[in-house]
Amino acid sequence: MTKRRLFLELENCIGCRSCLAACTQCGGHEQRNRNYVYDVNPLVNRQTMPLMCLHCVDPACARSCPAQAIQIHETGAVLSALTEKCIGCQNCTIACPYGIPKFDEEQNLMYKCDLCIDRTKDDIPPMCASVCPSNTLQWLTEEEIEEKQQRHDLGNDKWVTSMPYLEGETNVKINLPGILEGTTKLF
Amino acid sequence: MQKDKFFRDIDNVTHPNERLVKTHCSYCGMQCGMNLRVNTKTNKIIGVEPRYDWPVTVGKMCPKGVTAYQQTNHKDRILKPLIRDDASLKGTQKGFREASWDEAYDLIAKKFSELQTNYGKDSLSVFSGVSMTNEKCYLTGKFARVALGTRYIDYNGRFCMASAAGGFLRTFGVDRGSTLPWTDIHETDCLFIAGSNTAECHPTSMFRVWAVQERGGYLIVADPRETPIARRADVHLDLRPGTDLALANGILHLLIKNGYTDEAFIKQHTNGFEETKEVVKDLTPEHTSFITGVSVEKIERAAEIYGKAPNAIVMFARGVEQQHKGVDNVSAYCNMALVTGKIGRPKAGVATFTGQGNGQGGREHGQKSDLLPGYRKITDPKAVEYVSKVWGISPEEMPKPGVSAYEMFELMNDKTIRGLYLLCSNPAVSAPNLNVVRKALKGLDFMVCADFFLSESAEFADVVLPSVTWSEDEGTVTNLEGRIIKINKAQEPLGESKPDWQIQVELAERLGKGKHFSHLHTASDVADEFRLASKGGNADYYGATWDKIDKQDGVFWPCKDEEDEGTPHMFHDKKFYHPDEKAKICALPYRPPAEEPDEEYPMRLTTGRVVYHYLSGNQTRRIPFLKDMCPEPYVEVHPHTAAQYNIQHDEVVRLYTRRGESNYKVKITEAIREDTVFVPYHFGHEESINLLTIAALDPMSRMPEYKVCAAQVEKLN
């Protein structure tokens, strides 16, 4: 089976938050959405961007968990804390460089994006990328991602929209805003 | 069919004890494909799963679409007919009691008959909508004319698509919202989009729009606000609200002056070029800039890009259409495609973004005051003869044309109209100049409202009939491409609710008109009669059987017979629908908005949608996620303007016009013109911005000028 990854093209975001609405529709998500969409500079323009779990290869959330409640799936997806193991210490919410894990005060449990593991284990796109109307969130093969990242690397030492990784290596790949900088116009 | 680069073969996830029902969204004209998740034990709709194999939207949905299923089993559903005996409580939610269908039907039949006996056939009216299937839209027209025998029927398309329809009819002789399928959009070289906040109003078009830019193509957006789509445009034409006609003429001026015209196309396939050339002669970039407020450089650049583009699509929406010159705006933007010959082939043409789910189909088959099924004119004796035969009445019995939606409220206020059957619409929020409209509803002798939630308009009714949501019935709708698609039933009607077509059949029987309706037992029965009624008209659906729609992933009208596969691309043979087969390039002198700013009212007020809500908000304001994201209206103000008025972000201010006032929280943003304020229109009661809007009607389409009027802001305390 072709292995696909979640790919974020932040420039495309239109702020509709369909990804958040759809997140609740994944069977394993108990109707709670697990990611974020931010207004970048709301008093100035309408730019928005999603902040999704990047599924780090060496995830700080899992490393910081004293109860080993955060498991890593064989696909690389960093799963939500096992409810029977989570002790509600919130270390993970502090350790994550992107502020992804959320905390349920009532149940005293963390919860986070599990990349819709019951879908993505079979290479079916996660709910967020399935519905995203602007293709900000896409479900792509390694080759497709490579092609996109090369296209967006201008090689002029001035503007590179795709970097190998941000804080550390992640399973989810990102193109930062600026993807059109290197586009050759048709006419 | 039409599997493009976005199409992937993806399996759906089916959870245990669930089945999936293929259908489409209940909301806008995109009609995104979706699967409804149905619990096989309770047989209730419990969620949504993407429909990856729908070629137009490939699984994508906006937040309204994702949560649309939450309407069906919502706690606010009306489950039984409601009757209010105390008319003094009209305009409130108070005084309703549950009743049986029999009691409700008896009361309606009695009151309707009394009114018609005392005041004539035309004392009754029907006000309808187009967020429902073709079958329902068709039968509503027949119900008004055959069961009630009244001339007064019109619908909320007058507030939505009427100007696009008028413009297309004048220019092309036919009104199909898009000359090409949506699967062409990402392959064109230039999109010229005017007056469409596409990212919020038709979000699932956006992956195709962005793909144009990714390929190196151009995006030009005309909008007074820097909307999410305008933010990324190659050229953002930030015009003053209400000046589109000058902008379109100014661009036409440059296309002609700079030699981008296709002389052979103009000569062979169009009329009116010379007169038009004369009219746009004065619209130099400088003069256009003076009227529109857009810089000369931007106007010149936009014309150059559109002129040079090998293929281009001109698209527009309510921004240009909801003006008292909306029809002229539409024809003026269509002129761009005609003078350059960029129409009648793949990847080039014009399209409007249809606002309502069935805004296209619903305007074609006889809900409009002057139309009969198949887009036939009720003033055409041959049309009347044909449709009368299908309906089993004599041509003499066919009522004459009525008046447009807003004008019906004026006739209510002068007591020409005394009774109303309202369905699928919420004019107490969506009509302009609401103080007049609400007074009209309150003053009616008798009003029936069919809806699945108790809307602000239902608050004026004497009887409320519980209708079903889109997911509890089946039928066809026609999406914004002109593609006839199938809505499927996923659940039995909740409580005692019934589909509108069934209500009309049963009501017609009570009114003694059963012989024209009683043979319609199912939605499919209505579909068969409707296809026959449309046969031979411009919007011919005769060949669009439900089987063919299923097999072909939809059928583009016209589709005349069993063998006809439909017409995805219009005018492919360069034949337009006027008698001489030529399109009309229209000479349209500029005229300003009905109400220009002055000292007393110095701001331009414009209105529109947000991504989280649909139309009057009667549906979406009840969905928790959407309500959380946008719980209340606000007024967008530029920071420079806010400084002049000494108002802050989040401060509540009074906004008022010559017609009404309301208080709104201020949202400061640089993404709007300094001379313009914007308020979303999805909110009811005292929050409705339509208390302030103007009912200046387009002379042809009778569309109100929602998009611009003069307003003033006042700091409170």
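Residues numbered from 1 in each chain as written. Chains lettered and ligands numbered in written order. Predicted model: local features only at pLDDT ≥ 70, side-chain atom pairs only at ≥ 80, totals over all residues. Heavy atoms only, no water.

*Asks:* Just checking my understanding: could you explain the overall build of chain A for this structure?
*Replies:* The number of helices and strands found in chain A is 6 helices and 7 strands. The linear arrangement of helices and strands in chain A, starting from the amino end, is β-α-β-β-α-α-β-β-α-α-β-α-β. Across the 187 residues that make up chain A, the buried fraction comes to 58%. Surface exposure of chain A reaches about 8,500 Å², of which carbon and sulfur atoms provide 49%. Treating the 18 positive side-chain charges of chain A as one cloud and the 24 negative ones as another, the clouds have centres 3 Å apart. (Helix = DSSP H or I, 4+ residues; strand = E, 2+ residues; numbered from the N terminus. Buried < 20%, exposed > 50% of the residue type's maximum accessible area, 1.4 Å probe, protein only. Areas by Shrake-Rupley, 256 points an atom, 1.4 Å probe, with all protein chains shown as cover. Lys, Arg positive; Asp, Glu negative; His and termini not counted. Charge placed at Lys NZ, Arg CZ, Asp CG, Glu CD.)

*Asks:* Sorry if this is basic, but what is going on with the overall build of chain B here?
*Replies:* For chain B, the helix and strand inventory stands at 22 helices and 28 strands. Since a compact globule built from 717 residues should have a radius of gyration of about 27 Å, the 24 Å found for chain B is in line with a globular shape. Across its three principal axes, chain B shows a C-alpha extent of roughly 70 × 70 × 60 Å. For chain B, the residues scored as buried account for 69% of the 717 residues in total. Taking contacts inside chain B between residues at least 6 apart in sequence as the whole, the part at least 24 apart equals 74%. Here chain B has roughly 22,400 Å² of accessible surface; of this, 48% comes from carbon and sulfur atoms. Distance from the positive charge centre (89 side chains) to the negative charge centre (97 side chains) of chain B: 1 Å. (Rg over C-alpha atoms; globule rule 2.2 N^0.38 Å. Contact = heavy atoms within 4.5 Å.)

*Asks:* What should I look at first to understand the side chain of Lys64(B) in this one?
*Replies:* Residue and element names in this part refer to chain B. When you line up the elements, Lys64 lands in helix α1 (residues 63-67). For the buried Lys64, no salt bridge is present, and the opposite-charge side chain at shortest range is Glu200, 7.8 Å distant. When sequence neighbours within four positions are dropped, the list of residues in contact with Lys64 reads Tyr27, Glu200, Val611, Tyr612, His613, Tyr614, Thr620 and Leu626. (Salt bridge = Lys/Arg side-chain N within 4 Å of Asp/Glu carboxyl O.)

*Asks:* What am I meant to see in the interface of chain B and chain A here?
*Replies:* In many analyses, interface size is given as the accessible surface area lost on bringing the parts together. Contact residues are listed per partner, giving 54 residues for chain B and 47 residues for chain A. For the pair chain B and chain A, the two sides together bury roughly 4,000 Å², of which 52% comes from carbon and sulfur. Ranking the residues of chain B by area buried against chain A places Arg8(B), Glu214(B) and Arg231(B) at the top, with a combined share of 16%. Taking the shortest distance from any N to any O, the salt bridge between Lys148(A) and Glu214(B) comes out at 3.5 Å. Taken together, the links from chain B to chain A amount to 29 residue pairs in polar contact (both at pLDDT 80 or more). Listing elements by their share of the side of chain B that touches chain A, those giving two or more residues are β3 (45-50), α1, α6 (206-214), α11 (296-308) and α21 (624-629) of chain B. Here the residues of the side of chain B that touches chain A are counted per class, giving 27 nonpolar, 11 polar and 16 charged. (Buried area = accessible area lost by both parts, 1.4 Å probe. Polar contact = N/O pair within 3.5 Å; in protein donor to acceptor, adjacent residues only side chain to side chain. Nonpolar A, V, L, I, M, F, W, Y, C, P; charged D, E, K, R; others polar.)

*Asks:* What is the right way to look at the pattern of salt bridges in this model?
*Replies:* Residues and elements named next belong to chain A. Under the definition given, this model contains 60 salt bridges over all chains. The salt bridge involving Asp123 is made with Arg4; its shortest N-O contact spans 2.7 Å. One end of the pair, Asp123, is in the loop between α4 (117-120) and α5 (127-131); the other, Arg4, is in strand β1 (residues 4-9), and 119 residues separate them in sequence. Like Arg4, Asp123 is buried. One salt bridge in this structure joins Asp104 and Arg32, with 2.5 Å as the shortest N-O distance. With a gap of 72 residues between them, Asp104 in strand β4 (residues 102-104) and Arg32 in the loop between α1 (18-23) and β2 (36-39) connect regions that are remote in the sequence. Overall, the relative accessible area of 14% leaves Asp104 in the buried class.

*Asks:* Would you mind showing me how to read the environment of Gln71(B) here?
*Replies:* Residue and element names in this part refer to chain B. Relative to the helices and strands, Gln71 resides in the loop between α1 and β4 (82-84). A relative accessible area of 0% means that Gln71 is categorised as buried. Gln71 sits 548 residues away from Gln619 along the chain, and the two C-alpha atoms are 7.0 Å apart.

*Asks:* Teacher, can you tell me more about the packing of helix α2 (residues 101-119) of chain B against helix α18 (residues 500-510) of chain B here?
*Replies:* In helix packing, the relevant descriptors are the interaxial angle and the interaxial distance, both defined with respect to the helix axes. Residue and element names in this part refer to chain B. Where α2 contacts α18, the two axes come as close as 10 Å, and the packing angle between them is 60 degrees. Here α2 lies oblique to α18, going by the angle between them. Considering how the two elements wind past one another, α2 and α18 form a crossing that is right-handed. Between α2 and α18, the residues in contact are Trp101, Asp102, Tyr105, Asp106, Ile108 and Ala109 and Gln502, Ile503, Glu506, Leu507 and Arg510, respectively. Of the residues that constitute the contact of α2 with α18, the class distribution is 6 nonpolar, 1 polar and 4 charged. (Axes fitted to C-alpha atoms, helices over the stretch in contact; angles between N-to-C directions. Parallel < 35°, antiparallel > 145°, perpendicular 65-115°, else oblique. Left-handed = near helix turned anticlockwise from the far one by under 90°.)

*Asks:* What is the right way to read the side chain of Asn156(B) from this model?
*Replies:* Residues and elements named next belong to chain B. Relative to the assigned elements, Asn156 resides in the loop between β7 (153-155) and α4 (162-172). Among the polar contacts listed, one links the side chain of Asn156 to the side chain of Gln356, at a separation of 2.8 Å. Within polar-contact distance, the side chain of Asn156 engages the side chain of Ser425 at 3.3 Å. If sequence neighbours within four positions are ignored, Asn156 has contacts with Phe127, Ser128, Gly129, Val130, Gln356, Cys424 and Ser425.

*Asks:* Mind showing me how you'd approach the packing of aromatic side chains here?
*Replies:* Each aromatic ring pair is summarised here by two numbers: the centre-to-centre distance and the angle between the ring planes. Under the definition given, this model contains 27 aromatic pairs over all chains. Centroid distance Tyr36(A) to Tyr38(A): 6.1 Å. Interplanar angle 5 degrees. Geometry classified as stacked. Taking relative accessible area as the criterion, Tyr36(A) reaches 19% and is therefore assigned buried. In this structure an aromatic cluster arises from ring pairing among Phe168(B), Phe172(B), Phe192(B), Phe265(B), Tyr306(B), Phe316(B), Tyr333(B), Phe571(B), Phe576(B) and Tyr577(B). Positioned over the ring face of Tyr542(B) is Lys535(B), at 4.1 Å from the centre of the ring. (Phe/Tyr/Trp six-rings, centres within 6.5 Å; stacked < 30°, edge-to-face > 60°. Lys NZ or Arg CZ within 6 Å of the ring centre and 35° of its normal.)

*Asks:* I would appreciate a short explanation of helix α10 (residues 285-292) of chain B in the present structure.
*Replies:* Residue pairs spaced three or four apart in an α-helix point in one direction, given the helix's 3.6 residues per turn. All names here are of chain B. Buried residues of α10: Pro285, Thr288, Ser289, Ile291 and Thr292, and no others. Summarising the axial view, the buried residues of α10 lie within an arc of 165 degrees, below the 170-degree limit, and thus occupy one face. Lining the buried residues of α10 we find α7 (244-257) and α11. Once α10 ends, the next one or two residues include Gly293, with phi positive near 80 degrees. (Arc of directions from axis to C-beta.)

*Asks:* Can you help me understand the sheet that holds strand β19 (residues 475-478) of chain B in this one?
*Replies:* Whenever strands of a sheet pair, they do so through backbone hydrogen bonds, lying parallel or antiparallel. Residues and elements named next belong to chain B. Pairing within the open sheet is antiparallel, and its 3 strands lie in the order β19-β20-β21. With one partner strand each, in any of the chains shown, β19 and β21 (555-556) form the two edges of the open sheet. The sheet contact formed by β19 and strand β20 (residues 483-487) spans 4 bridges and is antiparallel. Bridge pairing links Thr476 to Lys486 in β20. This element, helix α3 (residues 134-148), spans β19 and β20 of the sheet and lies at about 90 degrees to β19. (Pairing = 2+ DSSP bridges.)

*Asks:* Help me understand the layout of surface pockets in this model?
*Replies:* Approximately 730 Å³ is the volume found for the largest pocket. Counting residues per element, the ones that place at least two in the lining of the largest pocket are β24 (634-637) and β26 (661-668) of chain B. Within the lining of the largest pocket, the residues separate by chemical class into 15 nonpolar, 6 polar and 11 charged. In this structure, the second largest pocket occupies an estimated 560 Å³ of space. Lining the second largest pocket are 27 residues, with Asn135(A), Gln138(A), Leu140(A), Phe6(B) and Arg8(B) sitting closest to its centre. (1 Å grid on protein atoms, 1.4 Å probe; cavity = no way out; pocket = protein on both sides within 12 Å on 5 of 7 lines; lining within 4 Å. Points joined across faces, edges and corners; volume = space filled by probe spheres on them.)

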